[in-house]
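Here's the letter readout for the chains.
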Amino acid sequence: MSFRAQFLRTLIISFFAMLMVILIVLFPRDLDIHYDEYKVNVNYVFSWVKYGDNIKGFFAALFEEGSLGNDRYNLPIVTVVLVSVAKSLAVIVTALVLSFGLGVLKGIMDYKLSRTKWNFFGNWTTWLFQSLPDFLVLLLIQWYVIRSLPFIRFFSTEEWYSFLLPAVLVSIYPTMYIARITSASIAEQESKMYITVARAKGLTQRLIFYKHVFYNSFGTILTHLSSLFVYVLSNLLMVEYFMNFPGAAYRLFLAIDYSVHFGTGPNYEPGVIIGIAFCFMIMVLIVQCISLAARRQFEAR
């Protein structure tokens, strides 16, 4: 499949996915809450008329006024979305670069140590970090930093480097994911005929590995770049929530305003949810394009 066809396919899928997000977010969530002596009765009645009004009102404001409305603090939603996404973007980009670079290096190390007595520091450590729940690793690191490294301002967002610690925490699991993919991709090349031919020509093991094995494995690794980005986004909410980092994922969590008693709270903000979801969708498209373009440069020879 050509690059243009793959990009068009991704664009169409993203469009319909975004449309589904909008339809789900604009679903009527008005509750009928009334008190009956010592009980609180909550009723929900779905209305197609209300649902249609929500959809019409959203698209009318979007295309006629060019606005998503105001949030709970009476601030323009577009401004709120852009500010929160900008703060998270520094974390996302840094985590993406760290997880991909360190993951590839860790995968190479895992492969080289897989047949030695030091295998524990290779595949075993990768397996260990992948088997532990993300939130547990985050809480352990948070406890250690607060207790043993008080000079690190764990919850501060005022310093210019405040995005670095969240980026490191976000990148832990994605790094192990890429390490596992890298190690498996390199190991898959061992049985290829070109390896035997290269050895028969007298090429050194280092030259065979970096010029042929790793080069041919890199295309496979790049196919998982989109999955890596999804892992980064999935960890972003947890890290921003535990660190009280005012990024897009945390603002999205506030906009959902989930209530343990009624499901949806009174401060539900559909415009904020749609705006942040749209920005995340654009990021996914950009990463997908980078993955497709880079993969063409590293096709197996």
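Cut-offs used in this document
- Residues numbered from 1 in each chain as written.
- Predicted model: local features only at pLDDT ≥ 70, side-chain atom pairs only at ≥ 80, totals over all residues.
- Heavy atoms only, no water.
- Helix = DSSP H or I, 4+ residues; strand = E, 2+ residues; numbered from the N terminus.
- Buried < 20%, exposed > 50% of the residue type's maximum accessible area, 1.4 Å probe, protein only.
- Contact = heavy atoms within 4.5 Å.
- Areas by Shrake-Rupley, 256 points an atom, 1.4 Å probe, with all protein chains shown as cover.
- Lys, Arg positive; Asp, Glu negative; His and termini not counted.
- Charge placed at Lys NZ, Arg CZ, Asp CG, Glu CD.
- Salt bridge = Lys/Arg side-chain N within 4 Å of Asp/Glu carboxyl O.
- Patch = residues over 30% accessible without salt bridge, like charges linked within 9 Å, V, L, I, M, F, W, Y side chains within 5 Å.
- Axes fitted to C-alpha atoms, helices over the stretch in contact; angles between N-to-C directions.
- Parallel < 35°, antiparallel > 145°, perpendicular 65-115°, else oblique.
- Left-handed = near helix turned anticlockwise from the far one by under 90°.
- Nonpolar A, V, L, I, M, F, W, Y, C, P; charged D, E, K, R; others polar.
- Expected span 1.5 Å × (residues − 1).
- Arc of directions from axis to C-beta.
- Phe/Tyr/Trp six-rings, centres within 6.5 Å; stacked < 30°, edge-to-face > 60°.
- Pairing = 2+ DSSP bridges.

Caption draft 1: Representation of the overall build of the protein chain within the structure. In terms of regular secondary structure, the protein chain is built from 12 helices and four strands. The dimensions of the protein chain, computed from C-alpha atoms along their principal axes, are 85 × 55 × 40 Å. Counting only residues that meet the buried cut, the protein chain has 39% of its 301 residues in that class. Of all intrachain contacts in the protein chain linking residues separated by at least 6 positions in sequence, the fraction that spans at least 24 positions is 71%. Carbon and sulfur atoms provide 66% of the accessible area of the protein chain, an area that totals close to 18100 Å². When the 24 basic and 18 acidic side-chain charges of the protein chain are each reduced to a single mean position, those positions are 21 Å apart.

Caption draft 2: Seen up close, the pattern of salt bridges. Scanning the model with the defined rule gives four salt bridges in all. Notably, a salt bridge pairs Arg251 with Asp71, separated by 3.3 Å at the nearest N-O pair. Placement of Arg251 in helix 11 (residues 248–256) and of Asp71 in the loop between helix 2 (48–65) and helix 3 (77–113) is noted, with a sequence separation of 180 residues between them. Both residues of the pair, Arg251 and Asp71, count as buried. Among the ionic pairs, Lys106 bridges to Asp110, the shortest N-O distance being 2.8 Å. Here Asp110 and Lys106 lie together in helix 3, a separation of four residues that amounts to about one turn. By the burial criterion, Lys106 is buried, and Asp110 matches it.

Caption draft 3: A look at a nonpolar patch on the surface. Among the surface-exposed residues, Trp118, Phe120, Phe121, Trp124, Trp127, Leu128, Phe129, Leu132, Phe135, Leu136, Leu139 and Leu140 lie close enough to one another that they form a single nonpolar patch of about 1200 Å² accessible area. Within the residue set of the nonpolar patch, elements represented by two or more residues are helix 4 (123–131) and helix 5 (134–148). Here Trp127 lies in helix 4.

Caption draft 4: Fine view of the packing of helix 8 (residues 193–200) against helix 9 (residues 205–222). Two numbers describe how helix 8 lies on helix 9: the axes approach to 11 Å, and their chain directions differ by 155°. Between helix 8 and helix 9, the interaxial angle falls into the category roughly antiparallel. In this structure, helix 8 crosses over helix 9, and the sense of that crossing is right-handed. Between helix 8 and helix 9, the contacting residues are Tyr194, Ile195, Ala198 and Arg199 on the first element and Gln205, Ile208, His212, Val213 and Asn216 on the second. Broken down by class, the residue content of the contact of helix 8 with helix 9 amounts to five nonpolar, three polar and one charged.

Caption draft 5: A look at helix 5. A rise of 1.5 Å per residue sets the reference length of helix 5, with its 15 residues, at 21 Å; its end C-alpha atoms lie 21 Å apart and thus fit the reference within 8%. When we look at burial in helix 5, the residues that qualify are Val137, Leu138, Gln142 and Val145. Buried residues of helix 5, seen end-on, are gathered within an arc of 130° and therefore sit on one face of the element. Seen from the open side of helix 5, the exposed residues pointing more than 90 degrees away from its buried face are Trp143 and Arg147. The elements touched by buried residues of helix 5 are helix 6 (164–170), helix 7 (172–188) and helix 10 (225–243).

Caption draft 6: Local environment of the packing of aromatic side chains. This structure, assessed with the given rule, holds 11 aromatic pairs. Ring centres of Tyr241 and Phe253 lie 5.3 Å apart, and the angle between their planes is 70°; on these two criteria the pair is classed as edge-to-face. Of this pair, Tyr241 sits in helix 10 while Phe253 sits in helix 11, placing them 12 residues apart in sequence. By relative accessible area, Phe253 is classed as partly exposed at 39%. A network of ring pairs unites the aromatic residues Tyr241, Phe242, Tyr250 and Phe253 as a single cluster.

Caption draft 7: Geometry of the pairing of strand 1 (residues 32–36). Inspection of the sheet shows strand 1 paired to strand 2 (residues 39–43) by five bridges, in the antiparallel sense. In the sheet register, Tyr35 faces strand 2, and the bridge partner there is Val40. Taken together, strand 1 and the strand that follows it, strand 2, pair antiparallel across an intervening segment of two residues, in which Glu37 is found at a positive phi of about 55°.

Just geometry here; none of it tells us what the structure is for.
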